[in-house]
Structures are given as C-alpha cells and as structure tokens.
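# Descriptive structure summary
As a plain string of letters, each chain reads:
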Amino acid sequence: MDATNNTGAKSAKLSLGEQSWDLPIRGGTIGPDVVDISKLYGQTGMFTYDPGFTSTASCESKITYIDGDEGVLLYRGYPIEQLAEDGDFLETCYLLLYGELPTAAQKAEFDHSVTHHTMIHDQMTRFFNGFRRDAHPMAIMVASVGALSAFYHDSTDISDPTQRLIASIRMIAKMPTLAAMAYKYSVGQPFVYPKNSLDYTSNFLNMCFAVPCEEYKVSPTLSRALDKIFILHADHEQNASTSTVRLAGSSGANPFACIAAGVACLWGPAHGGANEAALKMLAEIGSVDRIPEYIARAKDKNDPFRLMGFGHRVYKNYDPRAKIMQKTCHEVLTELGIKDDPLLDVAVELERIALHDEYFIEKKLYPNIDFYSGITLKAMGFPTTMFTVLFALARTVGWIGQWKEMIEDPSQRIGRPRQLYTGADRRDYIPMSQRK
Ligand code: SDX
C-alpha cells in the first residue's frame, strides 16, 4: 500500500510534441516519491538514461533508509546510533533479516543457530593452500565465498524458504571463519577453529589472533568496539555491492555465488576498498604540514587524486556512521594505550581543514565511514589488506537480507537494463583481402 506521496499528485505528465503520457507517482513511508517508468518504453519507445543510477530507484525495500541531507541511517526504522550503542551485531542481523528486534528467547535461539554454523567443511581448508601467501585476502574471500556453493548443495535451492534461511544463517556464521582463515594464511600461522563458548565477535578475534602455543584472552573492550563497527557496516540501501548481489540473485544464482559477487564489487577503492585506501593516503600524507598539498591535489581537476574516506553518493552531510566510528577509534586507542597516533593526528587535522574549505563545503564532501575505520582496525592489529575483508564480513547480513527480500518479492524478475547505443550503424563484413 502506498503512503500518501509528498507531492499529493497521483501521476506525472510526460509530454513530447502532441503526445503526453501520465506516469504514476508512488510514495514510500519516508523519503522521496518515485515516478514509475516501468511502462515507459512500451508507451513511448524511449528509455530513461541514468548511468550512475543517481536518480533511479532500482527496487522497493523495507530494510534500510538513508536521509543523505540530514545524515540519518535507519535499519528497519531504528536509528543506527541507538542500535550501535545499545545492541550487538547479531541482534542487528536478526533485525535486518526478520524486520523486528528479537525477544530474549528469539535472540538466544538465533545466537545458538549462528554459533553452530561457524565451522566450514574441512575440505575447504585445502582450498587455501592453492593461493600464494601474499595473495590479497579479498582475492581469497571472493574465491572461498563462491566455493561455499560447492560444499553446501543442501541450501542452494532458492525456491525453498527453509534452504534460503539455512543459507542466510550459514553466510553470516561462516564469513568470520573464512575471513580469519584468509588472515592466518597470509601471515603463515595455523588456522584457529571457531570456539562455541565465545560470542560472535570475540570468536572472530580469537580465530584471528590466537595461536596454538598459548592462551589468548580476547579484550572485551576491543570485542565490543569491533562488534559496534560490524553494526555500522551491516547494510546501506542499494549501494554498489548490494545492487550487484540483487542483480546476480535476479537470475536465480545460488546465494553463495551472489554474495561472492558482492564481495568482488565491495573490493573497489571507490566503495569498500576505501578504508584500505584511506589509511594508505593518511600514511602517504605522513604529517600535518603536508595536508595542504593533498587538499590542493584533491581539488585539482587534472589530478585523479581524491581524499579517500571523503564524499558519498547519498550523504551530503556527515555520514552518521563516521561520527560513531571516530568515537570508537578514540575508545580503541585509549584501551590500547596509544597516546598519540600520527595517523590519527593527520586524520583529525585533515578533517578539520577539509570541513572549512570552500571546495568541500560547496561539493558537500564529508568524512564517510571509511575515514576513521582504518586507523581503528590498524590499532587492533589488522593489516590494511584485511580492512575490506572486515567490511565484507559485516555487510554479508545486508547482502543476504536484501537478496532474501528480492527473492521473496512476488513481482521480482531478472534485472536487465537497456542502453543508449552510440556505436557503428549496420554495415557489411569486409573480407580480409579488402581491408586496408
Ligand atoms: C562506501 O553507496 C554506499 O552506500 C557506499 C557505502 C556503503 O556503506 O555501502 O557507504 C560505503 O563506499 C563509502 C564511500 C567510500 N569511497 C571513498 O571514500 C572514495 C572517495 N570518495 C569518492 O570517490 C566519491 O565521493 C564517491 C565514489 C564516494 C561518490 O562519488 P559520486 O557520488 O559519484 O560523486 P562524484 O564522483 O560525482 O563527485 C562529485 C564531485 C566531483 O567533482 P565535480 O566533477 O562535480 O567537479 O565531488 C568531487 C568529484 O570530483 N569529489 C571529490 C571526492 N569525492 C567526490 N573530490 C575530492 N575527494 C573526494 N573524496
């Protein structure tokens, strides 16, 4: 049922010469109305044109809402600030998947179910041995997530709701195990198996940093901080990787293959790879006195350099996640006794200067979630190559939740965009002997 749309009008009129068409307007619960153009081609013989989808709603969803101008992010209506402050990551997973906050009993059952799916088929461990030790962990994640479909045939029938649910739980449960294995493999240490006595995020830290030779005690403060970071990264409307998962899923591909496609898309530096790129940028800047040089480069149209961790397609205000990320960064550095982190000094000063610079103000460029996450994760002991892996770990619930919503939408059909063709007109084949 459509809520009353903001315009009050039920349709928009498109006129072309003597002809005109009425295009239905639909309103959502909150946010911009949409002009339904699904019948436009049939009516007018024309397509719309929106290469970066800057003005295009690709689907209807009930999961996440962003108000880019106000810097608001809601998961199933709940503000990200409250979920991060008062809940834990698995509660957010339940909320994103099922639409409501769990009762105590539902939460206990969900935690138990996820905990008891954290192991992977032991034959998968051989899969890792095929990689060079210096392989980027994201390359290993793209491969190993896709490989899950070779091991879990009993949850690849997307028409079966039970199998869809098992696949969703398996994805959420096994991503930390695969991520930790990718890290361990890269540092030449033995894999650490999941421990069911630990909570989700403590288990992940243990699988990453424990070694067989001694007891490893997970810091509750660091575990809580990382759990909060996972909540911040869990979902974000129809971003590039989520749209990739939806498009892959629209063909009927199995969920593991669809999530692998999402991991691949997230890797790009304009998207999830920005946290790794932002930390490298801060390290390259190196000191506060070199900031003006980089600000100038970011503003120079002839220089491809961009301030990584700044700007956003939707947020034209401060990314609410970046605010929480900055606070968490200080908590982690304090817990670890890191008094002055030169990278943090550069980040804080860079943010201060950028937010007062005309260029950034005019283009509404603010720090996004990736600006402070790198400093935090580096302080926790993760190498920069693992930053996007952690983003993928957290975003898996968003991907799988959006995939599930799409599969369960009765109006769902394969995604197949059209194009504006500007290539050669029809022409005949030229035999080799006649080519110049
Ligand atoms: C994520 O979509 C999501 O929700 C993504 C995400 C999620 O949770 O899934 O939020 C996660 O991907 C966050 C974004 C991480 N990426 C970065 O931090 C990389 C640096 N940022 C940019 O590459 C850029 O801001 C994007 C890709 C994030 C957004 O690009 P848009 O919306 O296509 O904007 P644009 O490239 O058209 O830029 C608009 C203007 C341009 O100037 P003009 O051509 O208009 O003169 O702003 C400039 C850009 O040159 N600009 C920047 C800039 N970002 C945009 N200039 C300097 N530094 C930057 N970072």
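Presented here is a report on the structure given in the accompanying data block. (Residues numbered from 1 in each chain as written. Predicted model: local features only at pLDDT ≥ 70, side-chain atom pairs only at ≥ 80, totals over all residues. Heavy atoms only, no water.)

## A look at the sheet that holds strand β2 (residues 19-26)
The antiparallel open sheet is built from three strands, whose spatial order is β1-β2-β3. Only two strands of the sheet have a single partner each, and these edge strands are β1 (11-16) and β3 (34-35). As judged from the two bridges shared by β2 and β3, these two strands associate in the antiparallel manner. The partner of Ile25 across the bridge, within β3, is Val35. (Pairing = 2+ DSSP bridges. Helix = DSSP H or I, 4+ residues; strand = E, 2+ residues; numbered from the N terminus.)

## Details of the sheet that holds strand β6 (residues 78-79)
Spatial ordering of the open sheet is given by β4-β5-β6, a layout of three strands whose pairing is antiparallel. Looking along the sheet, the strands with just one partner apiece sit at the ends: β4 (64-67) and β6. Examined bridge by bridge, β4 and strand β5 (residues 72-75) share four bridges and lie antiparallel to one another. In the strand pairing of β5, Asp67 is matched with Val72.

## Here we look at unusual backbone geometry
Within the chain, Arg76 stands out as a residue other than glycine whose phi angle is a positive 50°. With relative accessibility at 22%, the residue Arg76 sits in the partly exposed group. Its identity as a non-glycine residue notwithstanding, Lys364 has a phi of 55°, on the positive side. Position of Lys364 among the secondary structure elements: in the loop between α16 (358-362) and α17 (370-380). (Buried < 20%, exposed > 50% of the residue type's maximum accessible area, 1.4 Å probe, protein only.)

## Overview of the packing of helix α3 (residues 89-98) against helix α7 (residues 161-187)
In contact at an axis separation of 12 Å, α3 and α7 are set at 150° when each is read in the N-to-C sense. The orientation of α3 with respect to α7, classified from their angle, is roughly antiparallel. Handedness of the crossing formed by α3 with α7: right-handed. Across from Leu90, Cys93, Leu97 and Tyr98 in α3, the residues of α7 making contact are Leu165, Ser168 and Ile172. Per-class residue counts for the contact of α3 with α7 are six nonpolar, one polar and no charged. (Axes fitted to C-alpha atoms, helices over the stretch in contact; angles between N-to-C directions. Parallel < 35°, antiparallel > 145°, perpendicular 65-115°, else oblique. Left-handed = near helix turned anticlockwise from the far one by under 90°. Contact = heavy atoms within 4.5 Å. Nonpolar A, V, L, I, M, F, W, Y, C, P; charged D, E, K, R; others polar.)

## A look at the site of the ligand
Near the ligand you find 24 residues, and of these His236, Leu307, His312, Arg313 and Arg321 are the closest. Compared with its free state, where it exposes 1000 Å², the ligand has 77% of that area covered by protein. Of the residues contributing to the shell around the ligand, the split by class is ten nonpolar, seven polar and seven charged. (Near = heavy atom within 4 Å. Areas by Shrake-Rupley, 256 points an atom, 1.4 Å probe, with all protein chains shown as cover.)

## Focus: the packing of helix α6 (residues 137-147) against helix α11 (residues 255-266)
Relative to each other, α6 and α11 sit at 165°, their axes nearing to 7 Å. The angle between α6 and α11 places the two elements in the roughly antiparallel class. Crossing angle aside, the handedness with which α6 passes α11 is left-handed. In this structure, α6 uses Met138, Met141, Val142, Val145 and Gly146 to contact α11, whose residues at the interface are Phe256, Ile259, Ala260, Val263 and Ala264. Tallied by class, the residues present in the contact of α6 with α11 amount to nine nonpolar, one polar and no charged.

## Quick notes on the packing of aromatic side chains
Going through the model one piece at a time under the given rule, you end up with 19 aromatic pairs. Between Phe310 and Phe371, the aromatic rings sit 5.0 Å apart at their centres with planes inclined by 80°, giving edge-to-face as the arrangement. With Phe310 in the loop between α13 (291-299) and α14 (320-335) and Phe371 in helix α17, the pair connects residues that are 61 residues apart, well separated along the chain. Each of the two residues, Phe310 as well as Phe371, counts as buried. Between Tyr359 and Phe360, the ring centres sit 5.2 Å apart and the planes meet at 75°, which makes this aromatic pair edge-to-face. The lysine or arginine in question, Arg133, covers the ring of Tyr185, its NZ or CZ lying 4.1 Å from the ring centre. (Phe/Tyr/Trp six-rings, centres within 6.5 Å; stacked < 30°, edge-to-face > 60°. Lys NZ or Arg CZ within 6 Å of the ring centre and 35° of its normal.)

## Considerations on the environment of Ser287
As for its placement among the helices and strands, Ser287 is situated in the loop between α12 (274-285) and α13. For the pair Ser287 and Asn275, spaced twelve residues apart in sequence, the C-alpha separation works out to 19 Å.

## Details of the pattern of salt bridges
On inspection of all chains with the given rule, the structure shows 22 salt bridges. In this structure, the salt-bridge partner of Glu276 is Lys280, at a minimum N-O distance of 2.9 Å. Of this pair, Glu276 and Lys280 are both found in helix α12, four residues apart, which corresponds to roughly one turn of the helix. Through salt bridges with shared partners, one network takes in Glu85, Lys228, Lys327 and Glu331. (Salt bridge = Lys/Arg side-chain N within 4 Å of Asp/Glu carboxyl O.)

## Some remarks on the pairing of β5
Counted between consecutive antiparallel strands, the loop separating β4 from β5 contains four residues, among which Gly71 sits at a positive phi close to 65°. Relative to β6, β5 runs antiparallel, the two sharing two bridges. Its bridge partner lying in β6, Tyr75 is registered against Tyr78. The antiparallel hairpin formed by β5 and β6 contains two residues in its connecting segment, where Arg76 sits at a positive phi of about 50°.

Everything listed here is a matter of coordinates, which is why it stays silent on function.
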